[in-house]
Amino acid sequence: MKHDEFFTLMKKVPKAEIHLHIEAVPTIDSIKTLYKKANGTEISEKQINDLFTYDDLNGFIQAFLQVQALYQSVEDFDYIFDDLATYLVENNIVYTEAFFAPTSFLKRGFSYPDMVRVFNKKIEEIKEKYSITVRLIMDVSRTFGCENAMNNLNLLEANPSPYIIGIGLGGAESKGPAKEYVPVYDKAIKDGLKVVAHAGEDVGPESIWDAIDLLHVSRIGHGISAIQDEKLMDELKDRNIIMEICPSSNVFTKKYVSSIAEHPIRPFFDRGLFVTVNTDDPVFFKVNLIQEYWNLHEQAGFTLEQIKQLIKNSFNALFCSDQEKAEWCKKVDQAF
């Protein structure tokens, strides 16, 4: 299928996205506005280019933290959610379970209850205006250690929101092995929260093994180093572990993948693993969800029927009822 035909079709097809960091959806215009509010001067084009130039995962994380540092009050989260709504509408994403990372804001004195108040208000606005469902997963962050992660979990539980459904483990994977966060995950599971973790993005298969065996997650963020371990791939398939694959992100961070054509999502899919397609950080990696599907179609040989299956996989990966999943999958079939 040609490019324009593909994009026309994809804009009609409802989609879900389950690996998306909300702090990475603000547009360049919003970043410029936030920079001026924070610094009193305009950000230069060179500063913009420097901000979005990095060679590895740790370089990206530093850029991510720099963008977070531009937010001066909880009201600035309006920019995040307004740009998130625009992104979701443009890609016909009707349901997202997205990450938010509170640590850097909390360290700068932001009130967590005030953050939740803004989140709730904006999520309800998006639902009312666009009929889009937004759910959040707190990134307790391995970058700042286990004690900080436990503090984040305690804040989540002390300030419950119907829109914050669980925890995830993001940040610098090489500096924060999953096994160090077992106490946090044991408590979250005991208290009925959903649990996911980034693993196998910047570290080998052992990171994925720890995430599924020690943290007991049902979804793995990235997971691309699993391609190095035949036994692990079989285990992921047998346990029906969901893979939150972010193709362009993996190409940008350059750890295991240098092109979409060689991305392990193709052998994962062919092997029968439960793979989903996501953008991770749209502004940082200059990609949206429809483009991710196009790249897989054009460069990795996914047929339209296989693209449809990937889209349905994302709905079936959601933390919602089986009835909702079935209804959305039916709408995908109808759109195709």
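In short, a report on the structure.

Cut-off values and rules
Starting from 1, residues in each chain are numbered consecutively following that chain's sequence as written. This being a predicted model, a pLDDT of at least 70 is required before a residue's local features are given, and a value of 80 or more before pairs of side-chain atoms are given or counted; all residues contribute to the totals for chains, interfaces and linings. In computing side-chain properties, one takes all heavy atoms of the structure into account and sets aside hydrogens as well as water. Pairing between strands is defined by DSSP: at least two bridges between the two strands are required. Numbered from the N terminus, helices here are DSSP runs of H or I no shorter than four residues, and strands are runs of E no shorter than two. For every element, the axis is a line fit to its C-alpha atoms; helices are fit only across the contacting stretch, and the angle between N-to-C directions ranges from 0 to 180 degrees. Should any heavy atoms of two residues lie within 4.5 Å, those residues are considered in contact. Only the six-membered ring of Trp is used, alongside the rings of Phe and Tyr, when aromatic pairs are assigned; centres must lie within 6.5 Å, and planes under 30 degrees apart are stacked while those over 60 apart are edge-to-face, with the rest tilted. Think of it in three bands: residues with accessible area under 20% of the maximum for their type are buried, residues over 50% are exposed, and the middle band is partly exposed, with areas taken using a 1.4 Å probe on protein chains only. For a Lys NZ or an Arg CZ to count as sitting over a ring, it must be within 6 Å of the ring centre and within 35 degrees of the ring normal. Put simply, angles under 35 degrees are roughly parallel, angles over 145 are roughly antiparallel, angles from 65 to 115 are roughly perpendicular, and the rest are oblique. By convention, the crossing between two helices is left-handed when the near helix turns anticlockwise from the far helix through less than a right angle, and right-handed when the turn is clockwise. Take the buried Ala, Val, Leu, Ile, Met, Phe, Trp, Tyr and Cys residues and link them wherever side-chain atoms come within 4.5 Å; each set so joined is a nonpolar core. When a carboxyl oxygen of Asp or Glu is within 4 Å of a side-chain nitrogen of Lys or Arg, the pair counts as a salt bridge.

## Concerning the sheet that holds strand E6 (residues 219-222)
Reasoning step 1: Strand order across the open sheet formed by 8 strands is E1-E2-E3-E4-E5-E6-E7-E8, with parallel pairing between neighbours. Edge positions in the sheet fall to strand E1 (15-17) and strand E8 (274-277), since each has one partner strand and no second. When the angles between neighbouring strand axes are averaged without regard to direction, this sheet yields 25°.
Reasoning step 2: In terms of strand pairing, strand E2 (residues 93-100) meets strand E3 (residues 133-139) through 6 bridges, oriented parallel. Across the sheet, the residue bridging to Phe100 is Met138, located in E3.
Reasoning step 3: The sheet strands contacting helix H7 (residues 112-130) are E2, E3 and strand E4 (164-168), and the helix crosses E3 at an angle near 155°.

## So, the packing of aromatic side chains
Reasoning step 1: As enumerated under the stated definition, the model contains 16 aromatic pairs in all.
Reasoning step 2: Here Phe77 and Phe110 contribute two aromatic rings whose centre-to-centre distance is 6.1 Å and whose plane-to-plane angle is 75°, an arrangement assigned as edge-to-face. Highlighted residues: Phe77 in helix H5 (residues 77-90) and Phe110 in the loop between helix H6 (103-107) and H7, separated in sequence by 33 residues. Of the two residues, Phe77 and Phe110, neither departs from the other in class, the shared state being buried.
Reasoning step 3: Members of the aromatic cluster, joined through ring pairs, are Tyr71, Phe77, Phe81, Phe100, Phe105, Phe110 and Phe119.
Reasoning step 4: Between Arg266 and the ring centre of Phe302, over which it is positioned, the NZ or CZ distance is 4.1 Å.
Reasoning step 5: Between Lys331 and the ring centre of Trp328, over which it is positioned, the NZ or CZ distance is 4.5 Å.

## A closer look at the packing of helix H1 (residues 3-12) against helix H16 (residues 304-316)
Reasoning step 1: Where H1 meets H16, the closest approach of the two axes is 13 Å, and the angle between their N-to-C directions is 30°. The angle between the axes of H1 and H16 places the two elements in the roughly parallel class. H1 and H16 meet at a crossing whose hand is right-handed. When H1 is examined against H16, the residues Phe6, Leu9 and Met10 are found in contact with a partner set consisting of Leu304, Ile307 and Ile311.

## Topic: the environment of Lys175
Reasoning step 1: Within the fold, Lys175 resides in the loop between E4 and helix H9 (182-190).
Reasoning step 2: By relative accessible area, Lys175 is classed as exposed at 61%.
Reasoning step 3: Distance from Lys175 to Phe268, taken between C-alpha atoms, is 27 Å for residues 93 residues apart in sequence.

## Focus: the environment of Pro26
Reasoning step 1: Along the polypeptide, Pro26 turns up in the loop between E1 and helix H2 (28-39).
Reasoning step 2: Judged by its relative accessible area of 1%, Pro26 falls in the buried class.
Reasoning step 3: In sequence terms Pro26 and Val283 are 257 residues apart; their C-alpha atoms lie 7.0 Å from each other.
Reasoning step 4: In this structure, Pro26 is in contact with Ile31, Tyr71, Ile80, Asp83 and Val283, ignoring residues within four places of it in sequence.

## Some words on the nonpolar core
Reasoning step 1: Of all hydrophobic cores here, the largest spans 116 residues; its most connected members are Leu136, Tyr185, Phe284 and Phe315.
Reasoning step 2: Contacts of Phe315, omitting those with residues within four sequence positions, involve Pro14, Lys15, Ala16, Val94, Tyr95, Lys325, Trp328, Cys329 and Val332.

## Some details on the environment of Asp186
Reasoning step 1: In this fold, Asp186 is placed in helix H9.
Reasoning step 2: Separated by 149 residues in sequence, Asp186 and Lys37 have C-alpha atoms that sit 41 Å apart.

## Structural notes on the pattern of salt bridges
Reasoning step 1: Here the structure, examined in full by the defined rule, presents 21 salt bridges.
Reasoning step 2: Two residues, Glu97 and Arg219, come together in a salt bridge whose shortest N-O distance is 2.7 Å. Residue Glu97 is found in strand E2, and its partner Arg219 is found in strand E6; the two are separated by 122 residues along the sequence. With respect to burial, Glu97 and Arg219 carry one shared label: buried.
Reasoning step 3: Residue Arg266 pairs with Asp270 through a salt bridge whose shortest N-O separation is 2.9 Å.

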